[in-house]
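Overview (structure and organization)
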Amino acid sequence: SAVISQKPSRDICQRGTSLTIQCQVDSQVTMMFWYRQQPGQSLTLIATANQGSEATYESGFVIDKFPISRPNLTFSTLTVSNMSPEDSSIYLCSASSSGSTETQYFGPGTRLLVL
Amino acid sequence: GQNIDQPTEMTATEGAIVQINCTYQTSGFNGLFWYQQHAGEAPTFLSYNVLDGLEEKGRFSSFLSRSKGYSYLLLKELQMKDSASYLCAVRPLDRGSTLGRLYFGRGTQLTVWP
């Protein structure tokens, strides 16, 4: 299994600002994903982070609001841009080693509160 | 689109057996996962089914019927530490840049009483 870390673990931000969340995996993985989990809710997929190319976004999520980078096989960032209180949520990074058949493992999450 | 449905809450007592159901409708299917999530923690993997039938792993078992779009997670010999949210997730039949993504149900909050 992959061990995934995220930074920061939590943050409190002012509306209109941006926050970049980092995700580090301890081994090379094929697929990386970003999810959002709002209070009391389940996980919603934001996008698939593609190594060396633009991320693939789910319906309702756009690159201008959630730019994603994945410069190599072990690291990805998610930026929450021009934040509003509605962006308050837990943001989780996940990874799987071969995509098609492997289990997806999750990072500990980043708790974001926007005032 | 994806439509994944599971009960919101369940309760049971220590030592009992509980079955958490999940129904799904997806555009293509490539596996169903169950995750456990304790409050304030990340989801942890419990089980994976891609073929019909029962997969047993210790106290936990998971069943899948692809023709019915149905799965259940069976927890035996319940312990207090099993109190958590249980998430059903479906992997669609993808290719290329979205391979492996998961869609989650709302989660079932299980409370185990002494």
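Residues numbered from 1 in each chain as written. Chains lettered and ligands numbered in written order. Predicted model: local features only at pLDDT ≥ 70, side-chain atom pairs only at ≥ 80, totals over all residues. Heavy atoms only, no water.

Moving on to the overall build of chain B. A tally of regular secondary structure across chain B gives 0 helices and 11 strands. Moving toward the C terminus, one meets the helices and strands of chain B in the order β-β-β-β-β-β-β-β-β-β-β. By the compact-globule yardstick of 13 Å for 114 residues, chain B fits well, its C-alpha radius of gyration being 14 Å. On the principal axes, the C-alpha backbone points of chain B span a range of 45 × 30 × 20 Å. Scored against the burial criterion, the 114 residues of chain B give a buried share of 49%. Considering only contacts in chain B between residues 6 or more positions apart, those separated by 24 or more positions represent 56%. Surface accessibility of chain B: about 5500 Å² in total, with carbon and sulfur atoms responsible for 50%. Across chain B, the 10 positively charged side chains and the 10 negatively charged ones have centroids separated by 8 Å. (Helix = DSSP H or I, 4+ residues; strand = E, 2+ residues; numbered from the N terminus. Rg over C-alpha atoms; globule rule 2.2 N^0.38 Å. Buried < 20%, exposed > 50% of the residue type's maximum accessible area, 1.4 Å probe, protein only. Contact = heavy atoms within 4.5 Å. Areas by Shrake-Rupley, 256 points an atom, 1.4 Å probe, with all protein chains shown as cover. Lys, Arg positive; Asp, Glu negative; His and termini not counted. Charge placed at Lys NZ, Arg CZ, Asp CG, Glu CD.)

Within the element layout of this structure, Asp-82 of chain B appears in the loop between strand 8 (70-75) and strand 9 (84-90). Leaving out residues up to four positions away in the same chain, Asp-82 of chain B has contacts with Gln-36, Arg-59, Phe-60, Leu-75, Glu-77, Leu-110 and Val-112 of chain B.

Further remarks concern the environment of Tyr-57 of chain A. All names here are of chain A. For Tyr-57, the location among the structural elements is in strand 6 (residues 56-57). The exposure class of Tyr-57 is buried, given its relative accessible area of 18%. When the C-alpha atoms of Tyr-57 and Pro-67 are compared, they prove to be 9.8 Å apart, with 10 residues separating the residues in sequence. With residues near it in sequence (within four places) discarded, Tyr-57 still touches Ile-46, Ala-47, Val-62, Ile-63, Phe-66, Pro-67 and Ile-68.

Moving on: the state of the cysteines. In this structure the tally under the stated criterion is 2 disulfides over all chains. The residue that forms a disulfide with Cys-23 of chain A is Cys-93 of chain A, at a sulfur-sulfur distance of 1.9 Å. Judged by the torsion about the S-S bond (-70°), the Cys-23 of chain A/Cys-93 of chain A disulfide is left-handed. Here Cys-23 of chain A, found in strand 3 (residues 19-25), pairs with Cys-93 of chain A, found in strand 9 (residues 89-96); they are 70 residues apart in sequence, far enough to count as distant. Shown here is the disulfide that connects Cys-22 of chain B with Cys-88 of chain B, its sulfur atoms set 2.0 Å apart. The chirality of the disulfide connecting Cys-22 of chain B with Cys-88 of chain B is left-handed, given an S-S dihedral of about -70°. Pair noted here: Cys-22 of chain B is in strand 3 (residues 18-25) and Cys-88 of chain B is in strand 9, with a separation of 66 residues, a long-range link. The two residues Cys-22 of chain B and Cys-88 of chain B agree in class, both being buried. We note that Cys-13 of chain A lacks a disulfide partner, and the nearest cysteine sulfur, in Cys-23 of chain A, lies 18 Å from it. Of the residues examined, Cys-13 of chain A reaches a relative accessible area of 8% and is grouped as buried. (Disulfide = S-S within 2.5 Å.)

This is a description of form; function is not addressed.
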